[in-house]
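The primary structure of each chain is shown beneath.
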Amino acid sequence: TPVPVDGRVEAVVAMPSPSWLAGDDDSVFVRRDDGVVSRVDPVTDEVTDLADVSGPLCQGIGVGFGAVWTCSGSDVVAVDPVTGELGDPIAVGKAAIQGHLGVGHGRVWVLVGDGGQLVGIDPDTGELDVPIDLGVRGTDVATTDEAVWVASAVDDAVVRVDPSSAEVDLTVGGLTGASAIAFVGDAAWVAGSDGTYSLDVGSGELGAVVGGGAGANGGVAADGASVWVRRADPFLRQIDAEEGEVVEEITADVESGGDVIVAFGALWVTAYDDAVLYRLSHR
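Right, let's walk through the structure included here. The structure displayed is predicted, hence computed values, not measured ones.

Describing the pairing of strand 12 (residues 107-112)
Within a regular strand, side chains alternate between the sheet's two faces.
Consideration 1: Most of strand 12 is tucked away, with five of its six residues classed as buried.
Consideration 2: Note: strand 11 (residues 102-104) against strand 12, three bridges, orientation antiparallel. Bridge pairing links V103 to V108 in strand 12.
Consideration 3: If you look at the hairpin formed by strand 11 and strand 12, you'll find two residues sitting between the two strands, and H105 has a positive phi there, around 60°.
Consideration 4: With five bridges connecting them, strand 12 and strand 13 (residues 117-121) associate as antiparallel partners. Looking at strand 13, one finds that W109 is bridged to G120.
Consideration 5: Between strand 12 and strand 13, which pair antiparallel and follow one another directly, the connecting turn spans four residues, one of which, G113, has a positive phi of 60°.

Quick look at the pairing of strand 27 (residues 260-263)
Consideration 1: Note: strand 27 against strand 28 (residues 266-271), four bridges, orientation antiparallel. Each residue of the ladder has a partner; that of A263, found in strand 28, is A266.
Consideration 2: Connecting strand 27 to the antiparallel partner strand 28 that follows it, the hairpin turn spans two residues, and F264 within it adopts a positive phi of roughly 55°.

Notes on the state of the cysteines
Consideration 1: Applying the stated criterion across every chain yields a total of one disulfide.
Consideration 2: In this model, C58 is linked to C71 through a disulfide, with the two sulfur atoms separated by 2.1 Å. Across the disulfide from C58 to C71, rotation about the S-S bond amounts to roughly 105°, and the bridge is consequently right-handed. On the criterion of sequence distance, the pair formed by C58 in the loop between strand 6 (47-52) and strand 7 (61-64) and C71 in strand 8 (residues 67-72) is long-range, its members being 13 residues apart. There is no split in this pair, since C58 and C71 are both buried.

Conventions used here
For every chain, the first residue of the written sequence is number 1, and numbering continues from 1 onward in sequence order. Side-chain atom pairs in this predicted model are given and counted only at pLDDT of 80 or more, local residue features only at pLDDT of at least 70, and totals for whole chains, interfaces and linings cover all residues. Remark: hydrogens and water are excluded; side-chain values derive from all non-hydrogen atoms of the structure. Buried, partly exposed and exposed residues are distinguished by accessible area as a fraction of the type maximum, computed with a 1.4 Å probe on protein chains only: under 20%, between the cut-offs, and over 50%, respectively. Helix and strand definitions follow DSSP, with helices as H or I runs of at least four residues and strands as E runs of at least two, each counted in order from the N terminus. Here, strands pair whenever DSSP counts at least two bridges between them. Disulfides are defined in this document as cysteine sulfur pairs within 2.5 Å.

Geometry only, nothing functional implied.
Here you go:
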């Protein structure tokens, strides 16, 4: 039975068009559709408009190497997480749809062109590595300590990239509308258009398949025991990662999709057309 979100709400933060989310050790960062990057204090819920990144509408945010990484059109831009100072735009040709800029293995990972190639950016110099051919048209990126993963909602697949060899070493197809990836132990959980899939991170073997995915305008996050799937409707699903079953379906009085991350002992969930960021209990 769906339950209303009210019982989990710790804070409701109003802001214009909050979309993609990222967090570091100090703050939660929100990429807004109006080009502003906002910083949220996880203790006080105070919002600071950190930087206004001008340029054509684009999607994407990530945090690492002492910076918040976002986009201006097809360029990538570093933002100082304290002062909001902008670095020089990096002309990489970023694919507009990529919502999460992967950070790890000494690089910021960006899908370029139609998403068929992945490029690593040196965060110190802004120099670009040789593009990696993915064999699919990627739409979003996630990283682990071992690899870079790319979801392809266009080609219903995920690929795993070995950053040391700069080559794809695993491709898993048949994942309808694969749009976002989160990790629990040895499993990659891939949210698709109508289902959420568990894959073994080593072999790519398919495990649980849970009805209800993130759709085209949602996201997925994990907290070590649960997988949280954000969708326009229903608002949020909690999957028990061990059992591979939905244990709770959460509704909210919102009409739009958004993103979800786990940070500072809470779930942070956006609803972009409803101009709200939720901080929710996840225990």
